[in-house]
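Observations on the model geometry
Listed below, chain by chain, are the residues.
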Amino acid sequence: MVVLIGYLLCMMGFGIWIANKEKNENAKDYFLASSALPWWAVGGSLIASNISTEQILGMNGSGYVMGLAIGAYELLAALTLILVAKFLLPVFIKKKIFTMPQFLEERFDRRVRTIMAFFWVALFVLVNITSVLYLGGLAIQSIIGVPLLWGILGLVIYSATFSIFGGLKAVVWSDVAQVVILIVGGFTAAYMVLAFVGNGSFFGGLAHLYEKAPDHFDMILDKANKSYNTLPGISVLVGGMWIANLYYWGNNQYIIQRALAAKSLQEAQDGVAFAAIMKLTIPFFAVIPGIAAYVIMQDPAAYGFTGKGLSVPDEAFPWVLGNFVQTGFKGLVLAALIAAIGSSVSSMVNSASTIFTLDIYKNLFVKNGGEHHYVKVGRVSSTAALVIGAIIAPALGSLDQVFQYIQEYTGFISPGVVAVFLFGMFWKRATANSALVAVVASIPFSWMMQAVFPEVPFLVRMALSFVVMSALVVLISVFAPKESVREKQAAKTKRAKETPFLLGLVFSIVLISVPAGIRILAGDIETSNVFGLLILGLSAIIFALLFTENKVDDEKAIQLDRSLFHTDAVFNISALVVCLILVGIYWFLW
């Protein structure tokens, strides 16, 4: 407790000091850290913001149930970060944007910006902030016996010291300090439980887990596995998981905001590559302790354990911490958990506040309120987001695996968002009306699929939703009112220069959706062949229209040049390292 209390007091003091030291004179200071972050701060803050109770508690809970395969979310995220830094960041930074909704207005129109701003604020507050506070309160209750409500209240107060007064600068610099504690504490917990099951040997513990639960080390689940619908085989590599990753790392305000605040594009890209390398280490402490808990609970007496078991899988990490981490180190690991919660909540709160202030309040209500006024609104909206999240959080107690809850509800919106961003960036004929229809239709279509066809695996539903939304973007754009013959000829001339970008869109659809269609028709996924035919048919229509349409560019199309996507040697080497490590992991643990 001494270690934990000391850490909390130091971090809260640091957050308050940063907030007072950094005078946020304008919105750019408060919401975008004056665009002055170095690469190491970008990378560290990305990881600290990302790793939270969703990973440490939620993924360990899923690791208890389904094993290391759930780590695909983390491993594929590393490759996604490389792709985002290479192809998306240059476009965002070229446009000099503050928020994702702002980009949608600059590329499409105000309607798309406003709708997505409301969606994102609701998602951050009702799903993300709420779930992190609940899981954090659950961990504190399980480990030190503090009632859930008091634990949630404590987390709100702790997170407020970074997120409300200091803005993004305070959040990022606090993240940099916390990410060190987070990684050290996470590895400490994993090391100690492995040493316990391995009779003092770390590597012996890993070998023991593999011997006792080999199915929990399968990276690709087969149809006989009870968790197949959650992680349907090869779909974790080619399929709907790419939507979850591209949305989270490329279109998610509270993640991408760090890169947008970098000193330059090169600093942003190198920082994201640094985060990708760190990301590869996360499954070690975000999944392995859950597997260890599963092995121990199969025969507790064999390990000399006579204590209380788990009531729900999400208690796996707190259970490991409470029973197998020594007292002196327990404070360090719990401090790491609090660091993860605090950094994530403060990041989410800051981003919800950013979108509310700049994309809703300023855009719709008070257009000329002055810089200090918008900073004040940002602080008030940050407070409101924290309070609402704390009020709703206890209601999540009825859920079995909160990580899956987060993925499911985020998956309602992400296919439409990813389709709109990809086609908006790399296809100049995408229109505002097509984007509006796609983002609005994504939620009811995803909800309908979940309600009417629950047997369709979650990742397959996302792949189907993505190709449907992509088809809507292309069809509505192509069949808009026709232009003159002269304009058509000009469009045909331009298409030759755009071929690399069109091939990139084709590759995206092939990677995300086409494999799901093939697997359905082959009987690998047990659902109606209609869905397989729909996926492949719509994909073929999209491919054909992309290379045969003769429309003129949309008036807000982004003018891209291949030189924009050039990257330096540091980034390129980091990308190669990430790819080689991923190949090795899946080669040996397929």
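Structural data are supplied above this passage.
Here we summarise the structure given alongside this text. Keep in mind it's a predicted model, so treat the numbers as computed, not measured.

**Notes on the overall build of the protein**
Counting its secondary structure elements, the protein contains 26 helices and 0 strands. For 590 residues, the compact-globule estimate of 2.2 N^0.38 gives 25 Å, and the C-alpha radius of gyration of the protein, at 24 Å, lies within 12% of that figure. Out of the 590 residues in the protein, the part that is buried amounts to 62%. Within the protein, contacts between residues separated by at least 24 positions form 84% of all contacts whose residues are at least 6 apart in sequence. For the protein, the accessible area works out to roughly 21600 Å², and carbon and sulfur atoms hold 67% of it. Side chains of the protein give 38 positive and 34 negative charges; the mean places of these two sets differ by 9 Å.

**Some words on the nonpolar core**
By size, the foremost hydrophobic cluster in this structure holds 204 residues, and its most contacted members are F92, W120, L231 and W427. With 18 residues, helix α7 (residues 110–144) is the single largest residue contributor to this core. If near-sequence neighbours (up to four positions away) are discounted, W120 is found in contact with M100, P101, L104, Y247, N251, I355, V417 and F421.

**Brief notes about a nonpolar patch on the surface**
A cluster of nonpolar side chains, namely I277, I573, V577 and I581, defines an oily patch on the protein surface of about 310 Å² accessible area. Of note, I581 is situated in helix α26 (residues 569–588).

**Some words on the packing of helix α22 (residues 458–478) against helix α25 (residues 529–548)**
Put simply, α22 and α25 touch, their axes get as near as 9 Å, and they point 35° apart. By crossing handedness, the relation of α22 to α25 is classed as left-handed. Between α22 and α25, the contacting residues are L464, V467, V468, S470, A471, V474, L475 and V478 on the first element and F531, L534, I535, L538, S539, I541, I542, L545 and L546 on the second. Its residues placed into classes, the contact of α22 with α25 shows 15 nonpolar, 2 polar and no charged.

**A few points about the pattern of salt bridges**
Per the counting criterion, the structure on display carries 8 salt bridges. Across the salt bridge formed by E74 and K279, the nearest N and O atoms sit 2.3 Å from each other. One end of the pair, E74, is in helix α5 (residues 72–95); the other, K279, is in helix α13 (residues 265–279), and 205 residues separate them in sequence. In terms of burial, E74 and K279 fall into one category: buried. The network of salt bridges with common partners includes E105, R113 and D359.

**Structural notes on the packing of aromatic side chains**
Throughout the structure, instances matching the rule amount to 22 aromatic pairs. Every member of this aromatic cluster is reached through a ring pair, and the members are F187, Y191, F202, F203, F284 and F285.

**Structural notes on α5**
End to end, α5 covers 32 Å across 24 residues, agreeing with the expected 34 Å (1.5 Å per residue, within 8%). Its maximal kink placed at L88, α5 deviates by approximately 45°, while the proline P90 follows within four residues. Counting buried positions along α5 gives 17 out of 24 residues, so the element sits mostly inside the fold. One or two residues past the end of α5 sits K96, with phi positive at roughly 55°.

**Here we look at the side chain of N245**
Looking at where N245 falls in the secondary structure, it is placed in helix α11 (residues 241–250). For N245, a relative accessible area of 4% gives the class buried. Not counting the four nearest positions on each side in its chain, N245 is found in contact with Y73, L76, A77, T80 and G250.

About the thresholds
- Along each chain, the written sequence defines residue order, and numbers are assigned to residues from 1.
- Restriction of local features to residues with pLDDT of at least 70 applies here, the model being predicted, together with a cutoff of 80 or more for giving and counting side-chain atom pairs; totals for whole chains, interfaces and linings are based on all residues.
- Side-chain metrics rest on all non-hydrogen atoms present in the structure, leaving aside hydrogens and water.
- What counts as a helix is a DSSP run of H or I of at least four residues, what counts as a strand is a run of E of at least two, and both are numbered from the N terminus.
- Radius of gyration here uses only the C-alpha atoms, and the compact-globule reference equals 2.2 Å multiplied by the residue count raised to the power 0.38.
- Working definition: with a 1.4 Å probe on protein chains only, accessible area under 20% of the residue-type maximum means buried, over 50% means exposed, and in between means partly exposed.
- Two residues qualify as a contact provided that any one of their heavy atoms is within 4.5 Å of a heavy atom in the partner residue.
- Each accessible area is a Shrake-Rupley estimate made with a 1.4 Å probe; only the visible protein chains count as cover when residues are assessed.
- Charge assignment: positive for Lys and Arg, negative for Asp and Glu; neither His nor the chain ends contribute.
- By convention, charge coordinates are those of NZ in Lys, CZ in Arg, CG in Asp, or CD in Glu.
- Within this scheme, the nonpolar core is defined by two criteria: the residues are buried Ala, Val, Leu, Ile, Met, Phe, Trp, Tyr or Cys, and they are joined through side-chain atoms within 4.5 Å.
- Put simply, a patch holds well-exposed residues, over 30% relative accessible area, that have no salt bridge, with like charges counted together within 9 Å and Val, Leu, Ile, Met, Phe, Trp or Tyr side chains within 5 Å.
- In the sections that follow, a salt bridge refers to a side-chain nitrogen of Lys or Arg positioned within 4 Å of a carboxyl oxygen of Asp or Glu.
- In this analysis an axis means a line fitted to C-alpha atoms, helices contributing only their contacting stretch, and an angle means the value between N-to-C directions, from 0 to 180 degrees.
- By convention the crossing between two helices is left-handed if the near helix lies anticlockwise of the far one by an angle smaller than a right angle, and right-handed if it lies clockwise.
- Lys, Arg, Asp and Glu make up the charged group, whereas Ala, Val, Leu, Ile, Met, Phe, Trp, Tyr, Cys and Pro make up the nonpolar group; the residues left over, Gly among them, are polar.
- For Phe, Tyr and Trp, rings pair up if their centres lie within 6.5 Å, where Trp contributes its six-membered ring, and each pair is then called stacked (planes under 30 degrees apart), edge-to-face (over 60) or tilted (otherwise).
- Multiplying one less than the number of residues by 1.5 Å gives the expected span of a helix.
- One axis fitted to the seven residues ending at a residue, another fitted to the seven starting there: the angle between these axes is the bend at that residue.

Keep in mind that these numbers describe shape and distance, not what the molecule does.
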